[in-house]
Amino acid sequence: MRVLRAGPRALLIECSDPQAWHSALWRRREQGLFSADEIVPGERTVLLDGVDSDLAGDLADWGPDSDLSLVGETLVEIATVFDGEDLGFVAAHWDISVEAVVGRLTETEFTVAFCGFAPGFAYMRGLAPSPAVPRLDAPRPRVPAGSVALAGAYAGIYPTASPGGWRLVGRTDQNLFDVRREPPALLAPGTRVRLAVAR
């Protein structure tokens, strides 16, 4: 673990388990042990914004608690039509049938590890150990909003139309990001997610 200063009132923690760190820090803040404007997990980092720089020394002594996880109580079910143009590719890559791919995805309880790329885009973990799904060699110029996709160890849903290089396995009509909603993003770090076959 390494702590870096990131401006006058921010610290960046480089660590092997940012989700555990995020959860532990969030709980410590809730207990009033320190104050921070934001605690933002990434793939290999946690950003603490709006903190006293003296906190850096305390972080080395804290560490994440092994029994704490990022998983929250909220479970969001996303009705999904599994007709993505890369569904056959994923089936061949995993050496299973298309039906088995759909079964694996609907039986998995995902957890949002962190958000990024675009407002409302959640990087979701939880896939069973399988050959990692490679990204496209060249991104598509336009991926439709609501596209459910896989890349590496993650699943994600494009909140708006945008370029993208993930493998498309389905689509949803669920609105993932709405500036008129509070909070605007439907899926936040720690949210549990299920993909359900749309009826």
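Everything that follows concerns the structure shown earlier in this document.
Figured I'd write up the structure that's included with this text. Since this is a predicted model, take the numbers as computed values, not measurements.

If you tally the helices and strands in the protein chain, you get 4 helices and 13 strands. Considering the protein chain as a whole, with its 199 residues, one finds that 44% of them fall into the buried category. Expressed as a percentage of contacts within the protein chain between residues at least 6 apart in sequence, the contacts between residues at least 24 apart total 60%. A total of about 10400 Å² of accessible surface is found on the protein chain, and carbon and sulfur atoms cover 49% of it. Each charge class in the protein chain was averaged separately, 19 positive and 26 negative side chains, and the resulting centres sit 4 Å apart.

Cis rather than trans, the peptide bond between glutamate 182 and proline 183 has omega equal to -5°. With respect to the helices and strands, the residue proline 183 is situated in the loop between β12 (167-171) and β13 (192-197). The phi dihedral of aspartate 95 falls on the positive side, at around 60°, and the residue is not glycine. For aspartate 95, the location among the structural elements is in the loop between α3 (87-94) and α4 (98-107). Judged by relative accessible area, aspartate 95 falls into the exposed class, the value being 68%. Positive phi is not limited to glycine here, since phenylalanine 117 has a value of about 70°. Within the fold, phenylalanine 117 resides in the loop between β6 (109-115) and β7 (122-125).

What follows covers the packing of aromatic side chains. This structure, assessed with the given rule, holds 9 aromatic pairs. Taking the centre distance of 5.1 Å and the plane angle of 70° together, the rings of phenylalanine 121 and tyrosine 123 count as edge-to-face. Accessibility assignment for this pair places phenylalanine 121 and tyrosine 123 in one class, buried. Between phenylalanine 121 and tryptophan 166, the aromatic rings sit 5.2 Å apart at their centres with planes inclined by 90°, giving edge-to-face as the arrangement. Here tryptophan 166 lies in the loop between β11 (162-164) and β12 and phenylalanine 121 lies in the loop between β6 and β7, a separation of 45 residues in the sequence. The class for phenylalanine 121 is buried, based on a relative accessible area of 1%. An aromatic cluster is present here, built from Phe114, Phe117, Phe121, Tyr123, Tyr154, Tyr158 and Trp166 joined pairwise through their rings.

Two strands pair when backbone bridges link them, and strand β1 (residues 2-5) and strand β2 (residues 10-14) are joined in this way by 4 bridges, in the antiparallel orientation. Looking at the pairing, valine 3 lines up with isoleucine 13 of β2. Hairpin connection of β1 to β2: 4 residues between the antiparallel strands, including glycine 7 at a positive phi of 95°.

Once that is clear, we can look at the sheet that holds strand β3 (residues 38-41). Strand order across the open sheet formed by 4 strands is β1-β2-β4-β3, with antiparallel pairing between neighbours. Since the sheet does not close on itself, it has two edges, and those belong to β1 and β3, each with one partner. The mean inter-strand angle of the sheet, taken between neighbouring strand axes irrespective of direction, is 20°. Here helix α2 (residues 55-62) sits on the sheet in contact with β1, β2 and β4 (45-49), set at roughly 25° to β2.

Time to look at a negative patch on the surface. Taken together, Asp52, Asp54, Asp58 and Asp61 make up a surface patch of like negative charges. Relative to the helices and strands, aspartate 61 is located in helix α2.

Analysis parameters
- Residues numbered from 1 in each chain as written.
- Predicted model: local features only at pLDDT ≥ 70, side-chain atom pairs only at ≥ 80, totals over all residues.
- Heavy atoms only, no water.
- Helix = DSSP H or I, 4+ residues; strand = E, 2+ residues; numbered from the N terminus.
- Buried < 20%, exposed > 50% of the residue type's maximum accessible area, 1.4 Å probe, protein only.
- Contact = heavy atoms within 4.5 Å.
- Areas by Shrake-Rupley, 256 points an atom, 1.4 Å probe, with all protein chains shown as cover.
- Lys, Arg positive; Asp, Glu negative; His and termini not counted.
- Charge placed at Lys NZ, Arg CZ, Asp CG, Glu CD.
- Phe/Tyr/Trp six-rings, centres within 6.5 Å; stacked < 30°, edge-to-face > 60°.
- Pairing = 2+ DSSP bridges.
- Axes fitted to C-alpha atoms, helices over the stretch in contact; angles between N-to-C directions.
- Patch = residues over 30% accessible without salt bridge, like charges linked within 9 Å, V, L, I, M, F, W, Y side chains within 5 Å.
- Salt bridge = Lys/Arg side-chain N within 4 Å of Asp/Glu carboxyl O.

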